[in-house]
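Spelled out, the chains give:
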Amino acid sequence: MPAQPKSVPSRRADHVADTREALLGAARTLFASRGYAATGTEDIVSAARVTRGALYHHFRDKADLFTAVMEQCAREMAERLIEQETRRAEAEHQEDTWSLLRTGFQSFLDACADPDFQRVVLIEGPAVLGHSAWDALVEKHGYVLLEEVLSQAVAEGRIDPLPVRPLTRMLGALISEASLYIARSEDQEPARADAGAVLDRMLTGLRRARED
């Protein structure tokens, strides 16, 4: 039987998806290079080669588009770090959950140097949408995984058996502040080194006494 021609609704759906991706891509580039305030909707639609009507079909306003870009940057960073740390654990035959977490925290601080993530998520995000937006991203992309890893570290006897839920929140706040400290520093290389040293020293305080 000959292949059926692609349906009109399917082509329309593809076009809609392509338009949204074009808007996200253009907005991400502009927000990362110019910042939110200096980027107008005309700049975005011109770079995406779409109409203003297309922008408002997909997003309520510029702030809604920025929220989608911020979410995209955060999701990609979380996925990249998980993949990277999984490969590292396999290559180094590491099975110690707590050591993997400490390494993962340092990798996250390294990732704060990523231009898109740093400008869009760490700098512009809280300024444009408030700290609640950052908290929502951590809630969505960090807390669940962190709580699972901490529970495993407790089960392995690597850290003291503290209540995991508040421990998750406090460590999440710690890593968040460390990342913001790096992003807002005028000299980021020493800021990264200092933040990493302080973070890891604080984490060592969670180890079971018999391991010291």
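Starting afresh in each chain, residues are numbered from 1 along the sequence in its written order. A pLDDT threshold of at least 70 governs which residues receive local features in this predicted model, and a stricter bar of 80 or more applies before side-chain atom pairs are shown or counted, although totals over entire chains, interfaces and linings include all residues. Excluded from the side-chain calculations are hydrogens and water; all other atoms, namely the structure's heavy atoms, are used.

**A short note on the environment of L199**
(1) Moving on: In DSSP terms, a helix is any run of H or I states spanning at least four residues, a strand is any run of E spanning at least two, and both are numbered starting from the N terminus. For L199, the position within the fold is in helix α9 (residues 188–204).
(2) Moving on: Overall, the relative accessible area of 3% leaves L199 in the buried class.
(3) Moving on: Measuring from C-alpha to C-alpha, the distance between L199 and A178 comes to 7.7 Å, with 21 residues separating the pair along the chain.
(4) Moving on: Residue contacts are defined here by distance: any two heavy atoms, one from each residue, within 4.5 Å place the two residues in contact. In this view, L199 contacts F105, Q106, L109, L174 and I175; residues no more than four positions away in its chain are not counted. A 1.4 Å probe rolled over the protein chains alone gives each residue an accessible area, and that area as a share of the maximum for its type sets the label: buried under 20%, exposed over 50%, partly exposed in between.

**Focus: helix α6 (residues 115–129)**
(1) Moving on: Bend is computed residue by residue as the angle between axes fitted to the seven residues ending at the residue and the seven residues starting at it. At I123, α6 shows its strongest bend, of approximately 30°, with the proline P126 following within four residues.
(2) Moving on: Of all the residues in α6, the buried ones are F117, Q118, V120, V121, L122, E124, G125 and P126.
(3) Moving on: Two N or O atoms form a polar contact when they lie within 3.5 Å of each other; inside protein one atom must be a possible hydrogen donor and the other a possible acceptor, and for residues adjacent in sequence the pair counts only when both atoms belong to side chains. Between a side-chain oxygen at the N-terminus of α6 and the backbone nitrogen of D116 the separation is 3.3 Å; the capping residue is D114.
(4) Moving on: Backbone geometry just after α6 places G130 at a positive phi near 90°.

**Topic: the side chain of S179**
(1) Moving on: Tracing the backbone through its elements, the reader meets S179 in helix α8 (residues 164–183).
(2) Moving on: Looking at S179, the relative accessible area reads 0%, which means it is buried.

**Here's the deal with the state of the cysteines**
(1) Moving on: For the purposes of this analysis, a disulfide is any pair of cysteine sulfur atoms at a distance within 2.5 Å. Under the definition given, this model contains zero disulfides.
(2) Moving on: Looking at C112, it has no disulfide partner, and the nearest cysteine sulfur is the one in C73, 13 Å off.
(3) Moving on: C112 sits in the buried class, given a relative accessible area of 0%.

**Digging into the pattern of salt bridges**
(1) Moving on: Salt bridge, as used here, is a side-chain nitrogen of Lys or Arg placed within 4 Å of a carboxyl oxygen of Asp or Glu. Taken as a whole, this structure holds 15 salt bridges when the rule is applied.
(2) Moving on: The shortest N-O distance in the salt bridge between R119 and E124 comes to 3.1 Å.
(3) Moving on: Using a relative accessible area of 23% as the deciding quantity, one classes R119 as partly exposed.
(4) Moving on: Relative accessible area serves as the criterion here: at 13%, E124 is assigned to the buried category.
(5) Moving on: Ionic pairing is found between E147 and R165, a salt bridge with its closest N-O pair at 3.6 Å. Note that E147 is positioned in helix α7 (residues 131–155) and R165 in helix α8, a separation of 18 residues in sequence.
(6) Moving on: Residue classification places E147 among the partly exposed residues on the basis of a relative accessible area of 25%.
(7) Moving on: For R165, a relative accessible area of 58% gives the class exposed.
(8) Moving on: Several salt bridges share partner residues, and in doing so they unite R28, E76 and D116 into one network.

**Focus: the packing of aromatic side chains**
The way to describe two aromatic rings as a pair is by their centre distance and the angle between their planes.
(1) Moving on: In summary, the pairing rule links any two rings of Phe, Tyr or Trp, Trp by its six-membered ring, whose centres are within 6.5 Å, and it sorts them by plane angle into stacked for under 30 degrees, edge-to-face for over 60 and tilted for everything else. Counted according to the given criterion, the structure contains four aromatic pairs.
(2) Moving on: Aromatic side chains F31 and F66 sit 5.2 Å apart centroid to centroid with 75° between the ring planes, which places their arrangement in the edge-to-face category. With F31 in helix α1 (residues 8–34) and F66 in helix α4 (residues 62–92), this residue pair connects regions lying 35 residues apart in the sequence.
(3) Moving on: Residue F66 is classed as buried on the basis of its relative accessible area, which comes to 0%.
(4) Moving on: Grouping aromatic residues by their ring pairs yields a cluster made of F31, Y36 and F66.

**Description of helix α5 (residues 97–111)**
(1) Moving on: One fewer than the residue count of a helix, multiplied by 1.5 Å, yields its expected span. Taking 1.5 Å of rise per residue, the 15 residues of α5 would be expected to cover 21 Å, and the 21 Å separating its terminal C-alpha atoms lies within 8% of that figure.
(2) Moving on: Where α5 is concerned, the buried positions are T97, W98, L101, R102, G104, F105, Q106, S107, F108, L109 and A111.
(3) Moving on: The inward-facing, buried residues of α5 contact α4, α6, α7, α8 and α9.
(4) Moving on: Structurally, the start of α5 carries an N-cap: the backbone nitrogen of W98 is 3.1 Å from a side-chain oxygen of D96.

**Quick look at the packing of α5 against α9**
The description of two helices packed together rests on the angle between their axes and the distance between the axes.
(1) Moving on: Axis definition: a line fit to C-alpha positions, over the contact stretch in the case of helices; interaxial angles, taken between N-to-C directions, run 0 to 180 degrees. Across the interface, α5 lies against α9 with an axial gap of 10 Å and an inter-helix angle of 160°. Accordingly, the angle class assigned to the pair α5 and α9 is roughly antiparallel. In this structure, α5 meets α9 at a crossing whose hand is right-handed. Facing W98, R102, F105, Q106, L109 and D110 of α5, the residues of α9 in contact are R192, A195, G196, L199, D200, L203 and T204.
(2) Moving on: Throughout this entry, Asp, Glu, Lys and Arg are counted as charged residues, while Ala, Val, Leu, Ile, Met, Phe, Trp, Tyr, Cys and Pro are counted as nonpolar. The remaining residues, Gly among them, count as polar. Residue classes in the contact of α5 with α9 are distributed as six nonpolar, three polar and four charged. Orientation labels follow simple angle bins: below 35 degrees gives roughly parallel, above 145 gives roughly antiparallel, 65 to 115 gives roughly perpendicular, and whatever is left gives oblique. By convention the crossing between two helices is left-handed if the near helix lies anticlockwise of the far one by an angle smaller than a right angle, and right-handed if it lies clockwise.

Purely geometric stuff here, so don't read any function into it on its own.
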